[in-house]
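Coordinates in review
If you want the building blocks of each chain, they are given just below.
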Amino acid sequence: MNVSARAYHTFLRNLLFVTALALLGGATTVAAGTPELAPQTKIRLTIVQWMPTKGEYRQWALGGEFVVSDTGAISVPVIGTVVVGNFDKTRLAAEIAKRLQAKIGLVEAPEATIEIVEYPPVYVVGNVAKPGEYRFRPGLTVLQALAMSGGEFRRTSSNASGDEIALIGELRVIDAALLRSNAKIARLQAEISGAKEVRFARPLNADSMLAAAVENQERIIFATRANVLARQSKSFSELRELLDQEIRVLEEKVDGAEASIKAAERELKAVRKLVEGGLAVASRQSDLERELAGYRANRLDYLTAIMRARQSISEATRNLEGLSDHRQAEIATAIQSEQASLEQLKLKRATTEKLLFDKLSADGNSAQHGNDASGTFIIARRKDGKTTEFPASEMTTLMPGDVIRVVRSVRQDLAVSQVPQSPSLSADSQSGRASQ
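In every chain, residue numbers begin from 1 and rise along the written sequence. Where totals are concerned, whole chains, interfaces and linings use all residues; where local detail is concerned, this predicted model gives features only for residues with pLDDT of at least 70, and gives and counts side-chain atom pairs only at 80 or more. The basis for the side-chain values is all heavy atoms of the structure; hydrogens and waters are excluded.

1. Digging into the overall build of the protein
Rule in force here: Numbering of helices and strands runs from the N terminus, with a helix taken as a DSSP run of H or I at least four residues long and a strand as a DSSP run of E at least two residues long. Relative accessible area decides the class of each residue, using a 1.4 Å probe on protein chains only: under 20% of the type maximum gives buried, over 50% gives exposed, and in between gives partly exposed. Contact definition: two residues touch when any of their heavy atoms are within 4.5 Å.
Of regular secondary structure, the protein possesses eight helices and 11 strands. Counting over 436 residues, the protein shows a buried share of 36%. A separation of at least 24 residues holds for 70% of the contacts in the protein among residues at least 6 apart in sequence.

2. Thoughts on the sheet that holds strand β9 (residues 376-383)
Our working definition: Two strands form a pair only when DSSP identifies at least two bridges running between them. Only the contacting stretch of a helix is used when fitting its axis, a line to C-alpha atoms as for every element, and angles between N-to-C directions run 0 to 180 degrees.
Taken together, the five strands give an open sheet; going across it, the order is β8-β7-β11-β9-β10, and neighbouring strands pair in mixed fashion. Of all strands in the sheet, those with a lone pairing partner are β8 (132-134) and β10 (386-392), marking the two edges. Mean inter-strand twist for the sheet, computed between neighbouring axes without regard to direction, equals 25°.

3. Side note on the packing of aromatic side chains
Each aromatic ring pair is described using two quantities: the centre-to-centre distance and the angle formed by the ring planes. The test is simple: For Phe, Tyr and Trp, rings pair up if their centres lie within 6.5 Å, where Trp contributes its six-membered ring, and each pair is then called stacked (planes under 30 degrees apart), edge-to-face (over 60) or tilted (otherwise).
Tallied over the full model, the rule gives two aromatic pairs. Taking 4.9 Å as the distance between ring centres and 65° as the angle between the ring planes, the aromatic pair formed by tryptophan 50 and tyrosine 57 counts as edge-to-face. Assessed through its relative accessible area of 43%, tryptophan 50 is described here as partly exposed. Overall, the relative accessible area of 46% leaves tyrosine 57 in the partly exposed class. Seen from their ring centres, tyrosine 119 and phenylalanine 136 are 5.3 Å apart, and the 75° between their planes marks the pair as edge-to-face. One end of the pair, tyrosine 119, is in the loop between β6 (111-118) and β7 (122-126); the other, phenylalanine 136, is in the loop between β8 and α3 (142-148), with 17 residues separating them in the sequence. The burial state of tyrosine 119 is the same as that of phenylalanine 136; both residues are buried.

4. Things to note about the UniProt feature "coiled-coil region" (unreviewed entry) in the protein
To keep things clear, this is the line we draw: UniProt positions are given in the numbering used here, feature names are shortened, and annotations may be inferred rather than shown by experiment.
This chain's UniProt record puts "coiled-coil region" (unreviewed entry) on residues 240-274 and 306-355. Counted over residues 240-274, helix gives 100% and strand 0%. Its end C-alpha atoms are 51 Å apart.

5. Some remarks on the pairing of strand β5 (residues 80-83)
Working note: regular strand, side chains alternate between the two faces of the sheet. As paired elements, strand β4 (residues 73-76) and β5 share four bridges and run antiparallel to each other. Note that in β5 the partner of alanine 73 across the bridge is valine 83.

6. Quick notes on the pairing of strand β2 (residues 56-59)
For strand β1 (residues 42-51) and β2, the ladder comprises four bridges, and the chain directions are antiparallel. Each bridged residue has a counterpart across the sheet, and for methionine 51 the counterpart in β2 is glutamate 56. As consecutive antiparallel partners, β1 and β2 are separated by four residues, and within that stretch glycine 55 has a phi angle of approximately 70°, a positive value.

7. Focus on the packing of helix α4 (residues 162-193) against helix α5 (residues 208-276)
To keep it simple, the criterion reads: Each angle receives one of four descriptions, namely roughly parallel if under 35 degrees, roughly antiparallel if over 145, roughly perpendicular if within 65 to 115, and oblique otherwise. For a crossing to be left-handed, the near helix must be turned anticlockwise from the far one by less than a right angle; the clockwise case is right-handed. Three classes are used: nonpolar for Ala, Val, Leu, Ile, Met, Phe, Trp, Tyr, Cys and Pro, charged for Asp, Glu, Lys and Arg, and polar for all others, with Gly counted as polar.
Where α4 meets α5, the closest approach of the two axes is 10 Å, and the angle between their N-to-C directions is 30°. When the axis of α4 is compared with that of α5, the two are roughly parallel. The crossing of α4 and α5 is right-handed. Where α4 approaches α5, its residues Ala176, Leu179, Arg180, Ala183, Lys184, Arg187, Ala190 and Glu191 are matched on the opposing element by Leu210, Ala211, Val214, Glu218, Ile221, Phe222 and Arg225. For the contact of α4 with α5, the class distribution of residues is nine nonpolar, no polar and six charged.

8. Here we look at the pattern of salt bridges
Where charged atoms from two side chains of opposite charge approach closely, those side chains can pair. Filter applied, for reference: Salt bridge, as used here, is a side-chain nitrogen of Lys or Arg placed within 4 Å of a carboxyl oxygen of Asp or Glu.
Taken as a whole and judged by the stated rule, the model has 23 salt bridges. Glutamate 389 is the salt-bridge partner of arginine 405, the closest N and O atoms lying 3.7 Å from each other. On the criterion of sequence distance, the pair formed by arginine 405 in strand β11 (residues 403-407) and glutamate 389 in strand β10 is long-range, its members being 16 residues apart. Glutamate 389 gets classed as exposed once you look at its relative accessible area, which sits at 51%. Each member of the salt-bridge network shares a partner with another, and the members are Arg187, Glu191, Glu218, Arg225, Arg327 and Glu330.

9. As for α5
To be explicit about the condition: To estimate how far a helix should reach, multiply one less than its number of residues by 1.5 Å. In the analysis that follows, any N or O atom pair within 3.5 Å is treated as a polar contact, provided that within protein one partner can donate a hydrogen and the other can accept it, and provided that, for residues neighboring in sequence, both atoms belong to side chains.
In this model α5 runs 101 Å from its N-terminal to its C-terminal C-alpha over 69 residues, within 8% of the 102 Å that 1.5 Å per residue would give. Structurally, the start of α5 carries an N-cap: the backbone nitrogen of methionine 209 is 3.1 Å from a side-chain oxygen of aspartate 207.

10. Looking at unusual backbone geometry
Non-glycine residue glutamine 40 carries a positive phi angle of around 70°. Within the secondary structure, glutamine 40 is located in the loop between α1 (3-24) and β1. Here glutamine 40 falls in the partly exposed class, since its relative accessible area comes to 41%.

Pasting the structure below:
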């Protein structure tokens, strides 16, 4: 087998292992030496206190998002600077609660919780397809960071299989659908929880432009649906207020009718005595009786109108409460449906990955193992204000803020340079590797 064929098969075999290990990277456990609250880590502090008189927890306004400084500290209102040191989330939250209790003079310490929003990123430079900044997660290894950056930069052979390119393209389409589905679920969960904004968990290898567009669309939908619900709720609330005002006016009319009835009854009583003594005509008594009957009829109409208004208030209240219940049921159904679609997409992606894995494995097994050369990895790590560099292997666990430099050996460059190039195929293959 000539040098070109051997180099091509070497590329396929290396790409196979990078892809497979990247897919298994999610199961990596947190390294024992990974600092949980390293400098530049963004955290979210939430402080609540139990209010016995109201039987509920009340959230303090002191919370929010904080960034651990380069000196390893955060600045919290009221208590000032808190040195993170070797604290984990639980111990740091307990320390803040303890200081608040001592500072304010509380009988019992408030309950504080800390959530890690974002770790400092890692940086991949050197001989990679897509050098740049990538999001860190605990347990991230050099090989996984290499996979996120598209793998080592290599030229591809014009004999690459069209089936592999088609499978890589299908994976990219599935990844875009997964991104949209996850964004929709995040928006629905924000709606059902009553959140003021949507928080998206963007995948590490997601297309930043596509992810930003999808997230912006979901935010618009979220705001529009919230406005519709607010308008409907406001309409029912205004209807209840209007009916309350109508009831107050009717009650005043009832009071006026009853006053007229009492006056008419007194006058009728006096006229009856005059008619009995022959001092007044009977027609005057009849007129007063008809007038009294009219006042009583008016009072009955007012009371009936008040009952109808109260019935309308009860109906508006039921509609207002049912509006929220109906919306919650609608969102829950939509979440269930979207999660089912998401599981189908994950299954489809796993199947497509397996097909691509088998295809690459078959190509890699058919290649000879001569002229194989691997890159060298150097990690630059900053600690205590100093930067140190040391060699690393593919399975070395990274720390937040690490810089990984990938250097390819001269032997490998010479082997790959013998492979004939096809511009269109090279671009497609690099795009496929980037999607992995």
